[in-house]
Amino acid sequence: MSENSNLSPAPVDPTTTEAWQRLEEHDGMLDKGLREAFAEDPDRAKKLSFEAADLFVDLSKNLVSEETVGLLLDLANETGVCKRRDEMFAGAHINTTEDRAVLHTALRRPKGASPALDVDDQNVDADVREVLERIYEFANKVRSGEWTGVTGKKIETVINVGIGGSDLGPVMVYEALRPLADAGIEARFISNIDPTDVGETTRDLDPETTLVIVASKTFTTLETITNAKLVRAWLLDGLHAAGVAESQDAEAVAKHFVAVSTALDKVEEFGIDPANAFGFWSWVGGRYSVDSAIGTILAVVFGPEAFEEFLGGFHAMDEHFRKAAPEENVPLLMGLVNVWNVNFLGAETHAVLPYSQFLHRFPAYLQQLTMESNGKSVRYDGSAVTAETGEIFWGEPGTNGQHAFYQLIHQGTRLIPADFIAFANPTYALKDGDTDVHELFLANFFAQTKALAFGKTAEEVEAEGTTGALVPARVFSGDRPTTSIMASALTPSVLGQLIALYEHITFVQGAVWGINSFDQWGVELGKQLAKQLTSAVAGDESVLAEQDSSTRQLIEYYRAHRA
């Protein structure tokens, strides 16, 4: 039974609210700056720092005052953010364009959670747990060596073939938790339809010890199925060379391929035993799916216990977002500060700067999460948005970024809010003589947010002995907003908390703007045109003639220069 009846017929226009009007007239920190604000209020850092599960979050170096935060909370109240949050957790169809519930939070509800979650006449908890138990059983068989390839050899490498959310999430988590891979199994990933991806990923692997997970909900995604076919051909060729008869091809595919999909007929047609297909549901968007069956490769490499800890981290942040008072609710506050930066301070981009090499893929993961979710110009009732939406997320790990693009953040003409992420305890506690290298590393983390906040005045530059034209070049304006996020260590739980934190930040922004953060129609047109153009690229002159002059010229260049 659809729960759309619980929703308002149209979102509130945020620009018409009293809070928005007051925010437009509000100076925030612009009338004094962060130096003066910290000097006037010794407790500023304490007042604007919060804990959410295992995360410590310091918002004090943002260009906000307590009054700003109060007005932003009023804006959240007037636009119904918390009401929409509660509808999401309850399973209402807040994905209006696809008439679906949005229940990625159900993927991480603990076993035996009470009351049970029933949505659209389905026991969601039972459905999720049934798939998880099947994944864990499979993972344990692969990890123990009970599951082998067709020649009886233990699996040593698992390749995940997917794209978008079926790739970015598993890749990021694997890289983040790589030291926990304890079963002698390596993970590799193929996503790009560029054949280089398949060629480079498989070139040094042994087909006899390789398992392939094909991740596609519909089992029709062009890139994924094309790559799966290429890997199947590589695997069978390699097995034939190793002495496996062609008559065993069906058995070989069944032993070396599993699927993450609900299209069991297409899975079986490919040659995969439907019993080895792990499904997920229409209410799981790709960019919200790493904690679903899409994470099967993670359960194999890290083990079910680590995967359960990962899910527990998500759930801890879900509970904080669902239950914490608004004035202490970290995802709510961070989402609202982002709205302040975008709509009132004119920020167009947002840097995410993890001081952890293991999180080097986290900014790329957040690009899809945030930009596919909130890159919208219409509201969920089909009307045009009334304010700027979304921002460009980007970033690299510190300290690499310091020697690349921090110059623009410090002294450029654009306001670039930045989130800095760090951990008190390193995975590798190494020393250079008597120097604790992790302490040296984190000194950079602390220094960058301090420099961005407080800068350096001309007087301070001159006091160091600099004179003349060099003085302006060495002045730092400060008042560059940052948020600092810290945790004790990068564990599966903490990683789950970080991902869920940004999921909910994204939700808050979308709710304020009145957009549907859970569809992605913007990816469709390019896919459709690619299918139409394939025949022209292959040589169909009639289709080529129908194209615009630029597209036709580019295809002609390709055909003339293809060796």
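From a predicted model like this one, the values you see are computed outputs, not experimental measurements. (Residues numbered from 1 in each chain as written. Predicted model: local features only at pLDDT ≥ 70, side-chain atom pairs only at ≥ 80, totals over all residues. Heavy atoms only, no water.)

A. Up close: the overall build of the protein chain. Within the protein chain, the secondary structure is distributed over 23 helices and 15 strands. Relative to the compact-globule value of 24 Å for 563 residues, the protein chain shows a C-alpha radius of gyration of 26 Å, a close match. Principal-axis analysis of the C-alpha atoms gives the protein chain an extent of 80 × 65 × 60 Å. Counting only residues that meet the buried cut, the protein chain has 53% of its 563 residues in that class. Here the protein chain has roughly 24500 Å² of accessible surface; of this, 50% comes from carbon and sulfur atoms. Taken together, the 45 basic and 83 acidic charged side chains of the protein chain have centroids lying 2 Å from each other. (Helix = DSSP H or I, 4+ residues; strand = E, 2+ residues; numbered from the N terminus. Rg over C-alpha atoms; globule rule 2.2 N^0.38 Å. Buried < 20%, exposed > 50% of the residue type's maximum accessible area, 1.4 Å probe, protein only. Areas by Shrake-Rupley, 256 points an atom, 1.4 Å probe, with all protein chains shown as cover. Lys, Arg positive; Asp, Glu negative; His and termini not counted. Charge placed at Lys NZ, Arg CZ, Asp CG, Glu CD.)

B. How the structure looks around the sheet that holds strand β6 (residues 186–190). One open sheet accounts for 5 strands, arranged β6-β5-β7-β8-β9; its pairing is parallel. Looking at which strands have only one partner, the edges of the open sheet turn out to be β6 and β9 (277–278). As paired elements, strand β8 (residues 257–260) and β9 share 2 bridges and run parallel to each other. Bridging from a neighbouring strand, A259 pairs with A277 of β9. Together, β5 (157–161), β6, β7 (210–215) and β8 form the strand contacts of helix α9 (residues 222–241), whose direction differs from that of β7 by roughly 165°. Along the sheet face, helix α10 (residues 249–256) touches β7 and β8 and points at about 50° away from the line of β8. (Pairing = 2+ DSSP bridges. Contact = heavy atoms within 4.5 Å. Axes fitted to C-alpha atoms, helices over the stretch in contact; angles between N-to-C directions.)

C. View of the UniProt feature "active site" (unreviewed entry) in the protein chain. Per the UniProt annotation, the sites labelled "active site" (unreviewed entry) are E372, H403 and K527. A stretch of 156 residues holds the annotated residues, and the largest C-alpha distance among them is 37.3 Å, long enough that they do not meet in one place. If you trace the backbone, E372 turns up in helix α15 (residues 362–374). Leave out the neighbours within four places in its chain, and E372 touches R287, Q367, D519, Q520 and V523. In terms of polar contacts, E372 uses its side chain to reach the side chain of R287, at 3.0 Å. Turning to its location among the elements, K527 is positioned in helix α21 (residues 524–538). On the basis of relative accessibility, which here comes to 42%, the residue K527 falls in the partly exposed class. (UniProt positions renumbered as here; feature names shortened; annotations may be inferred. Polar contact = N/O pair within 3.5 Å; in protein donor to acceptor, adjacent residues only side chain to side chain.)

D. Structural context of the environment of F38. You can see F38 is positioned in helix α2 (residues 34–40). Ignoring any residue separated from it by four or fewer positions in sequence, one finds F38 in contact with R44, A45, S60, K61 and F454.

E. Representation of the pattern of salt bridges within the structure. For the structure shown, the criterion picks out 26 salt bridges. Across the salt bridge formed by E98 and R100, the nearest N and O atoms sit 3.6 Å from each other. Between K323 and E319 there is a salt bridge, with the nearest N and O atoms lying 2.9 Å from each other. Taken together, the positions of K323 and E319, both in helix α13 (residues 304–323) and 4 residues apart, correspond to about one turn of that helix. Overlapping salt bridges bring together R108, D291, D318 and E503 as one network. (Salt bridge = Lys/Arg side-chain N within 4 Å of Asp/Glu carboxyl O.)

F. A look at the environment of E460. Inspection of the secondary structure assignment puts E460 in helix α18 (residues 458–463). Put simply, E460 and V471 are 11 residues apart on the chain and 9.5 Å apart in space, counted from C-alpha to C-alpha. Not counting residues up to four positions away in its chain, the partners in contact with E460 are R35 and G455. A distance of 2.9 Å separates the side chain of E460 from the backbone nitrogen of T457, its partner in a polar contact.

G. A negative patch on the surface, seen in detail. Judged by side-chain charge, D27, D31, E36 and E67 come together as a negatively charged surface patch. Mapped onto the fold, E36 is located in helix α2. Here E36 falls in the partly exposed class, since its relative accessible area comes to 36%. (Patch = residues over 30% accessible without salt bridge, like charges linked within 9 Å, V, L, I, M, F, W, Y side chains within 5 Å.)

H. How the structure looks around the pairing of β6. Along β6, 4 of the 5 residues are buried, which leaves the element largely enclosed by surrounding structure. Relative to β6, β5 runs parallel, the two being bridged by 5 bridges. Following the sheet pairing, I159 is matched in β6 by R188.

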